Amino acid sequence: MNYILDLLLKQIFTQPFLLLAIVVFIGYLAMKQTVGKALIGAFKASIGIIVMGIGSGALSANFGHLLTALKNSTGLQGAGLNTYSTMTAGFEKMDAVLGEGVGTSWGLYTLLVAFIINLILVALRKYTKIRAVYLTGNAMIVQCGITVYIVWRFLGTGMVPTILIAAVVTALYWGICSTMLIKPTKAITGGADLTVAHQQMFMDFVAYKVAPKIGNPEKDDIEKKKLPASLNFLQDSVLATLLCMIIATAVIMLVIGKDGVDALRGADGFNNGTYKNSIIFMLWISITLTADLWVLLAGVRMFVGELMMSFKGISEKLLPGAVAGVDCAALYGFAPKSVVLGFLCGALGQIVGVIVLIATGSPIVLIPSFIPLFFDGATVGIFANKFGGWKALVTICFCTGLIQIFGSALAVAMLDLPWWQGVSDYATIWVAITAIFKGIGAMLGIPVAC
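All of these numbers come straight from a predicted model, not from anything done at the bench. Residue positions are given per chain, counting from 1 as you read along its sequence in written order. In keeping with the model being predicted, local features are shown solely for residues with a pLDDT of at least 70 and side-chain atom pairs are shown and tallied solely at 80 or more, while totals for entire chains, interfaces and linings include all residues. Working from all heavy atoms in the structure, the side-chain values ignore hydrogens and water.

Colleague: Explain the overall build of the protein chain to me, and be specific about the residues and the numbers.
Modeller: Per the convention used, a helix needs a DSSP run of H or I reaching at least four residues, while a strand needs a run of E reaching at least two, with both numbered from the N terminus. Helices and strands together make up the secondary structure of the protein chain, namely 16 helices and six strands. Taken against the 2.2 N^0.38 rule, which gives 22 Å for 450 residues, the C-alpha radius of gyration of the protein chain at 22 Å falls within 12% of a compact globule. Principal-axis analysis of the C-alpha atoms gives the protein chain an extent of 60 × 60 × 50 Å. The buried label applies to any residue whose accessible area, calculated with a 1.4 Å probe on protein chains only, is under 20% of its type's maximum; exposed applies above 50%, and partly exposed to all values in between. Counting over 450 residues, the protein chain shows a buried share of 53%. With the radius of gyration taken over C-alpha atoms, the globule rule is written as 2.2 Å times the number of residues to the power 0.38.

Written as structure tokens, this is what we have:
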């Protein structure tokens, strides 16, 4: 009996690579797929989780060397802005207290519970007014993981209450915010029955409401104007990610100076004395960080693709007529120029924000990265341009970049993480949610978990 309990509780249900594989297998069978198809999906999901762990571990370790060098040389607390790394950083904090693998397990359980709650809210749409089923799996796992960390850090609750609280909060965020975007998304896509389900939904809605007050969408639509062909490379996510990594690495190396760079080459850094030329060393670090991120993303795409396929089939059978919430990238083909200009204006806003932090003596310095820069700037830019033209796009996306920096600095200060999401919703409403949990914990006299 003890062996069976140990097998179920410690070797299966607390191991995400097995638990998620079982869920995917059951999902495919529920969709009346063959056992062979169900097994293939289950194994791909399992492999994806392992690959994700490899990439996240490498990215956290390698970027951590840069942040440590920055802190040792200047005393500043550096924090990178990246969605997946924020999730894994939270998990690492939990694992250090609760045991290896606990953070990941709780995060994935929260994903399952939150999705079920999202379906229930849509099923009760007559009362809840929530119509959207959130189906962007890569964003779902990140958001659930971060919410689990927030709840556990400030409330100090055990596994079941932490998962339930985190799942309810996250499911409400999914349902309410993605439902708010159904009408404007339909206008952007020319009538498609879908909505945006990502990490800047609140800011998309703000852009939709504010843009008409700034510009004229009929006269100033950027999609009717010509952009330089030289900017087209920014639509290649790998190259744009590498560019962000090169800039971030170069800035850090300039700040820490020759002694700091030499320390980076040593055993406490990258342990690589081969690249004595600093420019080559900088390129190697940048390319390594980009490769780490893309390994992580490959794992996420693999397991999330299988998980969402089984989830989508189940939700369509249970909730015919519900609106599918999809990745914001689904809109990019409808407004390619808004994507590029939104990215550039958001990046300018973030750069100005970082300069302001340094100039005002902030103890926290944030390092921009591609995911919050591109996906926020591009998506918010589409909504701003559609309803207010390029003037609204430039203004709103620049302000979004500033908000990302200042809001993220507040979040890093509260959560003591070396990474933060950086996306605009997590620099606005999720900062408020975090402050609420922190206030509840303090009011109840609960010590901060880590």
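Here the narrative resumes.
Colleague: Pulling in residues and values, what's your account of the side chain of Ser 178?
Modeller: Looking at the secondary structure, you find Ser 178 in helix α8 (residues 159-180). The buried category is assigned to Ser 178, whose relative accessible area is 0%. Once residues lying within four places of it in the same chain are set aside, the contact partners of Ser 178 are Ala 132, Tyr 173, Thr 195, Val 196 and Met 201. Contacts: residue pairs with any heavy atoms within 4.5 Å of one another.

Colleague: Now, about the sheet that holds strand β5 (residues 364-367): what can you tell me, with residues and values included?
Modeller: Only strands joined by at least two bridges in the DSSP assignment are considered to pair. With respect to topology, three strands assemble into an open sheet ordered β5-β1-β6, the strand pairing being parallel. Each end of this open sheet is capped by a strand with a single partner; those strands are β5 and β6 (419-420).

Colleague: A description of empty space enclosed by the protein should follow, citing residues and the corresponding values.
Modeller: For cavity detection a 1 Å grid was placed over the protein atoms alone, and a set of points counts as a cavity when a 1.4 Å probe fits there but cannot get out; an open set counts as a pocket when protein lies on both sides within 12 Å along at least five of seven lines, with lining residues being those that have an atom within 4 Å of a point. Grid points are joined across faces, edges and corners, and a volume is the space filled by probe spheres set on the points. Considering all chains together, one arrives at one cavity of 30 Å³ or more under this definition. Element by element, the count of residues in the lining of the largest cavity is highest for helix α12 (residues 237-265), at three residues. For the lining of the largest cavity, a count of residues per class yields seven nonpolar, one polar and no charged. Each residue is assigned to one of three groups, with Ala, Val, Leu, Ile, Met, Phe, Trp, Tyr, Cys and Pro labelled nonpolar, Asp, Glu, Lys and Arg labelled charged, and all others, Gly among them, labelled polar.

Colleague: Mind laying out the pairing of strand β1 (residues 77-81), listing which residues take part and the relevant values?
Modeller: Of all five residues making up β1, four are buried, and the element is well covered by its neighbours. Of the strand pairs in this sheet, β1 and β5 are connected by four bridges, and their pairing is parallel. Its bridge partner lying in β5, Gly 80 is registered against Ile 367.

Colleague: Account for the pattern of salt bridges, with residues named and values stated.
Modeller: One speaks of a salt bridge when a side-chain nitrogen belonging to Lys or Arg is within 4 Å of a carboxyl oxygen belonging to Asp or Glu. All told, the structure shown has three salt bridges when counted by the stated rule. The partner of Lys 258 in a salt bridge is Asp 262, and the shortest N-O contact between them spans 3.0 Å. Within this pair, Lys 258 and its partner Asp 262 are both found in helix α12, separated by four residues, close to a single helical turn. The exposure class of Lys 258 is exposed, given its relative accessible area of 64%. Where Asp 262 meets Arg 265, a salt bridge forms, and the shortest distance between an N and an O atom there is 3.0 Å. Taken together, the residues Asp 262 and Arg 265, both in helix α12 and three residues apart, mark about one turn of the helix. Residue class for Arg 265 comes out buried when judged on its relative accessible area of 12%. Three or more residues are tied together by salt bridges with common partners; here these are Lys 258, Asp 262 and Arg 265.

Colleague: Let's hear about the side chain of His 198: which residues, and what values?
Modeller: With respect to the element layout, His 198 can be found in the loop between β3 (194-196) and α10 (201-210). The buried category is assigned to His 198, whose relative accessible area is 5%. Apart from the residues within four sequence positions on either side, His 198 is in contact with Tyr 134, Thr 136, Gln 143, Tyr 173, Asp 327, Cys 328 and Phe 375.

Colleague: Can you lay out a nonpolar patch on the surface for me, pointing to particular residues and giving the numbers?
Modeller: What makes a patch is a set of residues exposed beyond 30% relative accessible area and free of salt bridges, joined within 9 Å when like-charged and within 5 Å when nonpolar (Val, Leu, Ile, Met, Phe, Trp, Tyr). Under the convention used here, a 1.4 Å probe and the Shrake-Rupley method define accessible areas, while residue burial counts only the protein chains that appear. Taken together, the side chains of Leu 29, Val 35, Leu 39, Phe 43, Ile 47 and Met 302 make up a nonpolar region of the molecular surface, amounting to roughly 530 Å² of accessible area. Looking at the nonpolar patch element by element, the count peaks at four residues for helix α3 (residues 35-74).

Colleague: Which residues make up the packing of helix α5 (residues 102-123) against α8, and what values go with them?
Modeller: Inter-axis angles, ranging from 0 to 180 degrees, are taken between N-to-C directions of lines fitted to C-alpha atoms, where helices are fitted over the stretch in contact. Their axes nearest at 8 Å, the elements α5 and α8 cross at an angle of 50°. It follows from the interaxial angle that α5 and α8 lie oblique. When you trace α5 past α8, the crossing you get is right-handed. Two secondary-structure elements touch here, α5 through Trp 106, Tyr 109, Thr 110, Leu 111, Val 113, Ala 114, Phe 115, Ile 117, Asn 118 and Leu 121 and α8 through Met 159, Thr 162, Ile 163, Leu 164, Ala 166, Ala 167, Val 168, Ala 171, Leu 172, Trp 174 and Gly 175. Residues that form the contact of α5 with α8 fall into these classes: 17 nonpolar, four polar and no charged. These descriptions rest on fixed angle ranges, namely under 35 degrees for roughly parallel, over 145 for roughly antiparallel, 65 to 115 for roughly perpendicular, and the rest for oblique. By convention the crossing between two helices is left-handed if the near helix lies anticlockwise of the far one by an angle smaller than a right angle, and right-handed if it lies clockwise.

Colleague: So what about the sheet that holds strand β4 (residues 323-326)? Which residues, and what values?
Modeller: Taking strand neighbours across the sheet as the criterion, the three strands line up as β2-β4-β3 in an open arrangement whose pairing is parallel. Strands with a single pairing partner mark the edges of an open sheet, and in this sheet they are β2 (132-134) and β3. Mean inter-strand twist for the sheet, computed between neighbouring axes without regard to direction, equals 35°. As judged from the three bridges shared by β3 and β4, these two strands associate in the parallel manner. For Leu 194, the partnering residue across the bridge sits in β4 and is Ala 324. Lying on the sheet, helix α9 (residues 182-189) is in contact with β3 and β4; it crosses β3 at an angle near 110°.

Without other data, these values stay purely geometric and don't point to any function.
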